[in-house]
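Structural features, examined
Chain residues, written in single-letter form:
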Amino acid sequence: MDTVTRPRILVVGAGFAGVECVRRLERRLTPGEAELTLVTPMSYQLYLPLLPQVASGVLTPQSIAISLRRSEKYRTRIIPGGAIGVDLRAKVCVVRTVAGEIVDEPYDYIVLAPGSVTRTFDIPGLTDHAFGLKSLAEAAYLRDHVISQLDLADACTDPAERASRLQFVVVGGGYAGTETAACLQRLTHAAVRRYPRLDPGLIKWHLIDIAPKLMPELGEKLGRSAHEILTRRGIEISLGVSIAKAGAEEVTFTDGRVVPTRTLIWTAGVVASPLIGTLDAETVRGRLAVNADMRLPGHDGVFALGDSAAVPDLAKGDDAVCPPTAQHALRQGRHVAENVIAALRGRPTRPYVHHDLGLVVDLGGTDAVSKPLGYELHGLPAQAVARGYHWSALRTGVAKTRVMTNWLLNAVAGDDFVRTGFQAHRPGNLRDFEYLDAYLTPDQVRAHVAEAGRAAR
């Protein structure tokens with residue numbers, strides 16, 4: 001079949017869902033059946049669940065950044081950039097490359113897996129002063145920032161400044177926030193021994209969440225166990241509380257408390273990528289409304305999955321949708337690839353059904369809570385399950401070797417407390433890393449595609 005006439009399959013996003021979809025398409029389609037293209041700003045797949053361990057220095061950044069170009073059999077064309085709009089009628093995806101150039105990518109089939117961004121609220125000072133943890137750059141920056149607070153506290157002579165630099169606030173009592181607070185608290189607890197002029201009692205970690213319970217998905221028993229572990233390690237947990245105002249040197253809680261701090265870490269959930277808003281299609285709580293086979297109703301050749309799609313959870317029934325977890329994204333990626341192939345070959349698509357395999361939460365060291373297949377575990381057994389799950393989910397042998405080596409080295413030699421140079425002269429906050437102003441409106445997408453069409457004629 002001539003290259004020009006091959007159907008064009010465009011995958012947007014290189015997260016768990018997008019990469020699994022591309023890999024399955026490569027294995028199941030012959031080179032002559034379709035042209036495969038992937039839109040992603042980075043040429044690697046990031047293993048997001050292990051970001052807290054990168055932020056705390058247990059793992060190196062490279063160990064969880066899995067190259068998309070490592071395989072010699074890889075034949076998908078990569079467009080280095082981010083999708084900023086999709087015209088469903090014209091079947092064109094608008095992409096801003098990493099060089100800032102705007103290009104139009106036509107498609108016959110499109111798989112939307114752009115993932116999610118940090119969920120924020122209209123809280124004064126939040127985006128200017130809070131740090132996120134959704135990317136490798138944020139994890140590396142956050143580690144540098146935390147260690148720099150210890151360095152600066154050790155060097156300063158003002159007791160008030162020293163106290164503010166040694167207080168840390170994490171917002172979000174879900175998996176990301178809990179693991180981040182646990183891993184970074186462990187880092188500072190170990191590091192302060194290298195600072196003989198600092199009183200370890202001055203280091204205070206606060207974990208707050210507006211919900212009444214910590215990680216309610218774990219259940220009453222394991223949630224309480226995680227709460228007790230963190231409290232025993234000196235983390236002050238405040239539930240039913242959020243942020244009222246954020247400043248450069250202090251944070252005000254909704255209960256009226258004012259905490260002097262230079263470190264506010266915001267992990268209070270995620271929302272679908274702003275790309276979904278450019279489609280002018282029906283959404284469910286911000287996620288694109290799709291059928292059980294992950295097709296967008298009323299639009300041939302359009303599939304959506306992962307964090308940005310409200311995929312019906314047929315295993316639970318009623319109006320439930322699949323949660324935005326790596327477990328579902330991996331399986332949805334493989335399943336949607338089969339459905340794209342079915343549509344390409346004129347066969348019926350199949351609905352997605354997956355029973356949840358359980359949850360794992362790594363709290364650092366020998367502390368963990370896990371619920372595999374409904375069995376509740378804590379301590380070393382939970383840690384073994386948590387790390388075993390993450391290790392097995394890594395896609396390549398190289399990544400598995402790097403992660404296992406890092407874990408063993410950290411267990412034997414302990415932590416290193418070195419700033420690696422990512423610390424910039426100005427704060428690297430949520431506003432700097434999310435790029436939320438890059439996306440077009442639906443009208444802007446249509447106008448751009450129409451203008452490009454006229455210019456081409």
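Right above here is the structure, for reference.
Residues numbered from 1 in each chain as written. Predicted model: local features only at pLDDT ≥ 70, side-chain atom pairs only at ≥ 80, totals over all residues. Heavy atoms only, no water.

1. Focus: the overall build of the protein chain
The cut-off we apply is this: Helix and strand definitions follow DSSP, with helices as H or I runs of at least four residues and strands as E runs of at least two, each counted in order from the N terminus. A radius of gyration in this sense is built from C-alpha atoms; the matching globule rule multiplies 2.2 Å by the number of residues raised to 0.38. We call a residue buried when its accessible area falls under 20% of the maximum for its residue type, exposed when it is over 50%, and partly exposed in between, using a 1.4 Å probe and counting protein chains only. When checking whether two residues touch, look at their non-hydrogen atoms; a contact exists if any pair is within 4.5 Å. For the accessible areas, the method is Shrake-Rupley and the probe is 1.4 Å, while residue cover comes only from the protein chains on display.
Summing up its helical and strand segments, the protein chain has 12 helices and 25 strands in all. For the protein chain, the C-alpha radius of gyration of 23 Å lies close to 23 Å, the compact-globule estimate for 457 residues. For the protein chain, the spread of C-alpha atoms along the three principal axes comes to 70 × 50 × 45 Å. Counting all 457 residues of the protein chain, 50% fall into the buried class. Look at the contacts in the protein chain between residues 6 or more apart in sequence, and 69% of them connect residues 24 or more apart. Carbon and sulfur atoms make up 54% of the accessible area of the protein chain, which amounts to about 20,700 Å² in all.

2. Side note on the pattern of salt bridges
Basically, it comes down to this: In the sections that follow, a salt bridge refers to a side-chain nitrogen of Lys or Arg positioned within 4 Å of a carboxyl oxygen of Asp or Glu.
Per the counting criterion, the structure on display carries 19 salt bridges. Notably, a salt bridge pairs Glu26 with Arg23, separated by 3.2 Å at the nearest N-O pair. Taken together, the residues Glu26 and Arg23, both in helix 1 (residues 16–28) and three residues apart, mark about one turn of the helix. Looking at Glu26, the relative accessible area reads 13%, which means it is buried. Between Arg446 and Asp280 there is a salt bridge, with the nearest N and O atoms lying 3.9 Å from each other. Taken together, the residues Arg446 in helix 12 (residues 442–456) and Asp280 in the loop between strand 18 (270–272) and strand 19 (283–284) connect sequence positions 166 residues apart. On the basis of relative accessible area, Asp280 is assigned to the exposed category, the value being 56%. Put simply, Arg24, Arg28 and Glu338 are held in one network by salt bridges that share partners.

3. Digging into the sheet that holds strand 15 (residues 250–253)
To keep things clear, this is the line we draw: In this scheme, strands are said to pair when DSSP sees at least two bridges between them. As a rule, the C-alpha atoms of each element are fitted with a line to give its axis, helices using only the stretch in contact, and angles between N-to-C directions run from 0 to 180 degrees.
Taken together, three strands build an open sheet; the order of strands is 14-15-16 and the sheet is antiparallel. Strands at the two margins of the open sheet, each flanked by one partner only, are strand 14 (243–246) and strand 16 (258–260). Taken pair by pair, the neighbouring strands of this sheet meet at an average axis angle of 20°, ignoring direction. Two elements, strand 15 and strand 16, share three bridges in a ladder whose sense is antiparallel. When the bridges of strand 16 are listed, Val251 appears paired with Val259.

4. Concerning empty space enclosed by the protein
Inclusion rule: Cavities and pockets are defined on a 1 Å grid built over the protein atoms alone: a cavity is a set of grid points where a 1.4 Å probe fits but cannot escape, while a pocket is an open set with protein on both sides within 12 Å along at least five of seven lines, and lining residues are those with an atom within 4 Å of any such point. Grid points are joined across faces, edges and corners, and a volume is the space filled by probe spheres set on the points. Residues are grouped as follows: nonpolar covers Ala, Val, Leu, Ile, Met, Phe, Trp, Tyr, Cys and Pro; charged covers Asp, Glu, Lys and Arg; every other residue, Gly included, is treated as polar.
If you walk through the whole model with that rule in mind, you get three cavities of 30 Å³ or more. Here the largest cavity defines a volume of roughly 50 Å³. Forming the walls of the largest cavity are Ser56, Val58, Cys183, Arg186, Leu187, Gly364 and Asp415. Partitioning the lining of the largest cavity into residue classes produces three nonpolar, two polar and two charged.

5. Looking at a nonpolar patch on the surface
As a reminder of what qualifies: Patch definition: residues with relative accessible area over 30% and no salt bridge; like charges joined within 9 Å; nonpolar side chains (Val, Leu, Ile, Met, Phe, Trp, Tyr) joined within 5 Å.
Taken together, Leu357, Leu373 and Tyr375 make up a surface patch of nonpolar side chains, about 350 Å² in accessible area. Taking relative accessible area as the criterion, Leu373 reaches 60% and is therefore assigned exposed.

6. Digging into the packing of helix 4 (residues 136–155) against helix 6 (residues 175–191)
We count it as follows: Crossings are sorted by hand: turned counterclockwise from the far helix by less than a right angle, the near helix makes the crossing left-handed, and turned clockwise it makes it right-handed.
With their axes 11 Å apart at the nearest point, helix 4 and helix 6 run at an angle of 35° to one another. Regarding helix 4 and helix 6, the two cross each other, and that crossing is right-handed. Residue-level inspection shows Leu142, Arg143, Val146, Ile147 and Leu150 of helix 4 in contact with helix 6, the latter providing Leu184, Leu187, Thr188 and Ala191. Taken together, the residues that form the contact of helix 4 with helix 6 break down as seven nonpolar, one polar and one charged.

7. Some words on the pairing of strand 8 (residues 109–112)
A two-sided burial pattern is seen for strand 8, the buried positions comprising Tyr109 and Val111 on one face and Ile110 and Leu112 on the other. Across four bridges, the pairing between strand 1 (residues 8–12) and strand 8 is parallel. In the sheet register, Val12 faces strand 8, and the bridge partner there is Leu112. The pairing of strand 8 with strand 21 (residues 302–304) spans three bridges and is classified as parallel. For Val111, the partnering residue across the bridge sits in strand 21 and is Phe303.

8. Here we look at the side chain of Asp293
Mapped onto the elements of the fold, Asp293 is located in the loop between strand 20 (287–289) and strand 21. Residue Asp293 is classed as buried on the basis of its relative accessible area, which comes to 8%. If we skip the residues at most four places from it in the chain, Asp293 touches Phe303, Asn339, Thr349, Arg350 and Pro351.

9. Quick look at the packing of aromatic side chains
The cut-off we apply is this: Each Phe, Tyr or Trp ring (for Trp, its six-membered ring) is paired with any other whose centre lies within 6.5 Å, and the angle between the two planes then decides the class: stacked below 30 degrees, edge-to-face above 60, tilted in between.
In the structure shown here, the tally under the stated rule is four aromatic pairs. Seen from their ring centres, Phe16 and Tyr47 are 5.3 Å apart, and the 85° between their planes marks the pair as edge-to-face. In this pair, Phe16 sits in helix 1 while Tyr47 sits in the loop between strand 3 (44–46) and helix 2 (51–55), placing the two residues 31 residues apart along the sequence. Relative to Trp266, the ring of Phe121 has its centre 6.2 Å away and its plane inclined at 75°; by these criteria the two rings are edge-to-face. Placement of Phe121 in the loop between strand 9 (116–118) and helix 3 (126–129) and of Trp266 in strand 17 (residues 263–266) is noted, with a sequence separation of 145 residues between them.

10. Digging into the layout of surface pockets
When its volume is computed, the second largest pocket comes out at roughly 510 Å³. Taken together, 27 residues make up the lining of the second largest pocket; nearest its centre are Arg186, Gly364, Gly365, Thr366 and Asn410. At the level of secondary structure, the elements contributing two or more residues to the lining of the second largest pocket comprise helix 6, helix 9 (380–393) and helix 10 (397–413). Partitioned by chemical class, the residues of the lining of the second largest pocket number 11 nonpolar, nine polar and seven charged.

11. Points about helix 12
Using the following cut-off: Under the convention used throughout, the expected extent of a helix is 1.5 Å for every residue step, that is, one less than its residue count.
The first and last C-alpha atoms of helix 12 sit 21 Å apart over 15 residues, in line with the 21 Å expected at 1.5 Å per residue. Contacts made by the buried residues of helix 12 are with strand 5 (77–87) and strand 6 (92–97).

12. Observations regarding the sheet that holds strand 11 (residues 167–171)
Reading across from one edge, 10-17-11-12-13 is the order of the five strands in this open sheet, with parallel pairing throughout. At either margin of the open sheet sits one strand with a lone partner, and together these are strand 10 (130–131) and strand 13 (235–239). The strands that helix 6 touches are strand 11, strand 12 (204–209), strand 13 and strand 17; relative to strand 12, the one it contacts most, it runs at about 175°. Where helix 7 (residues 220–232) meets the sheet, its contacts fall on strand 12 and strand 13, and the angle it forms with strand 13 comes to roughly 135°.

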